[in-house]
Amino acid sequence: MFPSCYSKPKNGSQFKMSYTKVIFGVLVVYVLHTCWAIYGFVYTKPCEGAKGDHCVTSYLTTKPRLQLSFYSTLDPNEESAHRLLLKVDKFEIHTKFERKVTVSFPEMTKNGTIHAVVFVHKSGVSPWKDSKHVRLVTRLTFQMTPLAPAGSPGSTEEAHKGTEEPRLVSYWKSHITLNMMTEDFTFNNAAVPSDLRRYMKIVEDGKKDKKKLYLPLLLIDEMRSRLKDFNEINITTKAAPLMISYDTITLRKFRIWIHIQAVIFSLKHFGFSEKNLDEIKAMFVESGVHILVLSILVPAFHLSFEVFAFKNDVSFWRGKKSLAGISKRSVIWRCLSTFVIFLYLLEEKSSWLTLIPMGVAVLIELWKVSKVFALQPSFKDERDETERATEEYDAKAMKFLSYLMYPLCISGAMYSFLYLKNKSSWYSWTINSLVSGVYAFGFLSMVPQLFINYKLKSVGQLPISVLLYKGLNTFISDVFSGIITTPGPHQLACFRDDVVFLIYLYQRRIYPLNKSRGREYGASHRKKPKSKTHED
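All chains use their own residue numbering, which begins from 1 and follows the written sequence. Two thresholds apply to this predicted model, a pLDDT of at least 70 for residue-level local features and 80 or more for giving and counting side-chain atom pairs, whereas whole-chain, interface and lining totals are computed over all residues. The basis for every side-chain value is the complete set of non-hydrogen atoms in the structure, without hydrogens or water.

Novice: Lay out the environment of Thr138 in plain terms, naming residues and giving numbers.
Specialist: Take Thr138: it is sitting in strand β8 (residues 134-139). Taking the C-alpha atoms as reference, Thr138 lies 5.6 Å from His115; in sequence the two are 23 residues apart. Here the side chain of Thr138 touches Glu222 through a polar contact of 3.4 Å, side chain to side chain. Only DSSP runs of H or I with at least four residues qualify as helices, and only runs of E with at least two residues qualify as strands; both kinds are numbered from the N terminus onward. Pairing of N or O atoms within 3.5 Å defines a polar contact, subject to two protein rules: one partner must be a possible hydrogen donor and the other a possible acceptor, and residues neighboring in sequence count only if both atoms are side-chain atoms.

Novice: Provide a residue-level description of the sheet that holds strand β16 (residues 230-233), including the pertinent values.
Specialist: Two strands make a pair as long as DSSP finds a minimum of two bridges between them. If you trace the three strands from one edge of the open sheet to the other, you get β9-β10-β16, paired in antiparallel fashion. Either end of the sheet is taken by a strand with one partner, and the two such strands are β9 (141-144) and β16. Sheet twist, expressed as the mean angle between neighbouring strand axes with direction ignored, is 40°. For strand β10 (residues 169-173) and β16, the ladder comprises four bridges, and the chain directions are antiparallel. Bridge pairing in β16 links Tyr171 to Glu232. Convention adopted: a line fitted to C-alpha atoms gives each axis, helices being fitted over their contacting stretch, and angles between N-to-C directions are expressed from 0 to 180 degrees.

Novice: Please provide a residue-by-residue account of the sheet that holds strand β11 (residues 175-181), values included.
Specialist: The strand order β6-β17-β11-β15 describes an open sheet built from four strands, whose pairing is mixed. Both outer strands of the open sheet, β6 (97-104) and β15 (217-220), are each paired with one neighbouring strand and no more. Pairs of neighbouring strands in the sheet enclose a mean axial angle of 25°, with direction left out of account. Relative to strand β17 (residues 239-249), β6 is paired through eight bridges, and the arrangement is antiparallel. Following the sheet pairing, Ser104 is matched in β17 by Ala239. We call two residues contacting when some pair of their heavy atoms lies within 4.5 Å. The strands touched by helix α2 (residues 251-267) are β11, β15 and β17; relative to β15, the strand with the most contacts, the crossing angle is about 40°.

Novice: Which residues make up the packing of aromatic side chains, and what are the values?
Specialist: Two aromatic rings are characterised by how far apart their centres lie and by the angle between their planes. Aromatic rings from Phe, Tyr and Trp, taking only the six-membered ring of Trp, are treated as a pair when their centres fall within 6.5 Å; an angle between ring planes under 30 degrees marks them as stacked, one over 60 as edge-to-face, and anything in between as tilted. This model, assessed by the stated rule, comprises 13 aromatic pairs. Aromatic side chains Phe316 and Trp317 sit 5.9 Å apart centroid to centroid with 90° between the ring planes, which places their arrangement in the edge-to-face category. Chaining the aromatic ring pairs together yields one cluster made of Tyr71, Phe119 and Trp128. The criterion for a charge sitting over a ring is simple: Lys NZ or Arg CZ within 6 Å of the ring centre, and within 35 degrees of the ring normal. Over the ring of Trp257 we find Lys253; its NZ or CZ atom is 4.9 Å from the centre of that ring. A cation over an aromatic ring shows up here: Lys457 above the ring of Tyr454, its NZ or CZ 4.4 Å from the ring centre.

Novice: Account for the state of the cysteines, with residues named and values stated.
Specialist: Disulfides are defined as cysteine sulfur pairs within 2.5 Å. For the structure on display, the rule yields one disulfide. Sulfur-sulfur distance for the disulfide between Cys47 and Cys55 comes to 1.8 Å. With the S-S bond torsion at -65°, the cross-link from Cys47 to Cys55 turns out left-handed. We call a residue buried when its accessible area falls under 20% of the maximum for its residue type, exposed when it is over 50%, and partly exposed in between, using a 1.4 Å probe and counting protein chains only. A residue is classified by how much of its surface remains accessible, and Cys47, at 9% relative accessible area, is buried. The class for Cys55 is buried, based on a relative accessible area of 3%.

Novice: Give me the pattern of salt bridges: which residues, what numbers.
Specialist: Think of a salt bridge as a Lys or Arg side-chain nitrogen and an Asp or Glu carboxyl oxygen that are within 4 Å of each other. In total, this model carries eleven salt bridges according to the counting rule given. A salt bridge links Lys368 to Asp313; the shortest N-O distance between them is 3.0 Å. Residue Lys368 is found in helix α6 (residues 352-375), and its partner Asp313 is found in helix α4 (residues 290-318); the two are separated by 55 residues along the sequence. The exposure class assigned to Asp313 is buried, which follows from its relative accessible area of 4%. In this structure, the salt-bridge partner of Glu365 is Lys368, at a minimum N-O distance of 3.4 Å. Note that Glu365 and Lys368 are positioned in helix α6 at a spacing of three residues, about one turn of the helix. Judged by relative accessible area, Glu365 falls into the buried class, the value being 4%.

Right, dumping it as structure tokens:
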């Protein structure tokens, strides 16, 4: 007996590994590891025996009278430089609120950065005199390239592409959100999660038992700090409004949020623009934390199915000996469509995770087109009856399809010309027009193949494994982008490729494969002729 991922060659000398199963195994390990890591954020193990010496309980369980104080300052480390903005004397930790204040700009603002300093401390006591106070600091002024005006379709960052040094503009963050973890959770002092240590301050109460307490966990919610909240300022600005929001947060969300904020902050060092980061924040804040799980798992399945499809597609076309039952026009159209999409992704400077698979797809499609021309007989007489019928049905389907596609593509190009003629170069206009046509009508490239299947009453000439992987890949991508990240009318349009795939599955059901037909299963499945006997 041999393992399922190995096959014994005829000579019995070596084992041959199935790369598909190896890749699938790596995918399973990756998914399991990711689920385990996410489980570590979702579930935090509480301390066993909440009253033990090794346990740390919340300071809020003692029900202290707290005060919330907001200050503005140029130097967070200098007590005398702090200016009080807001004081909530009777601070109800479970009550949400919003307060609007006005921040006066000191004369030194043009040479420094204004910070907001948040204190949660004992009521009626100065925060600097309370040993059990909690303090957070966040910036209120930033310098960055000019942002697009509200309602503008683009970003002015694009206008500075090609310039040597884009000018920097000062911006004021007009809205900050403070979160407090209010759950009554008991930690193990020796097993406090590492991501919480920088936010946690442990003290001892004044009683005889010297019980260890952790002070309230505070977080400035940078995920809700959006570009729409940034207002441009200059040296003549004397004051600016600031909206202060307070909300509670669970321990689970607290841990996940600080990791997401750390990832978004690190993306700035990889060349992500403020607009890109703002879109990422919107995805998490407006759609929910479940996007975090999907954004990890979906690309893993997407990339794996892409690799499986590439592998089976190459294997299928490598062993192809004729074009019987294959629409060569669909192959050529798919090659052109893939190449146009690749150029568009280059123009948009998409991530390498998107460009590399698309680049591999372009190479495979070009190789398939060369294979199509190589299998094309030199003379019509050299074609058998099935190949001649395939060519006839392919030409007829494409002729009828052109009556629909050409007017649509021309009208789309005219609309694109009127909309983009003053906003982009001719190259960008051409690429945008072509890719709009591909995205809108590219799914029609499979229609000639469906017509050939209908006429020949056969689907055996198509690689079922390739179509299955591509269908699953498209379905996963459409569900993720259509339902979750792009809600609205796009939901109806994003499943159009899957409709063609479902039609193919229906054809496969009504046209069952016949193993006695060599064109469907290849020569290896043809019945061997009976050897002649003496009686013959």
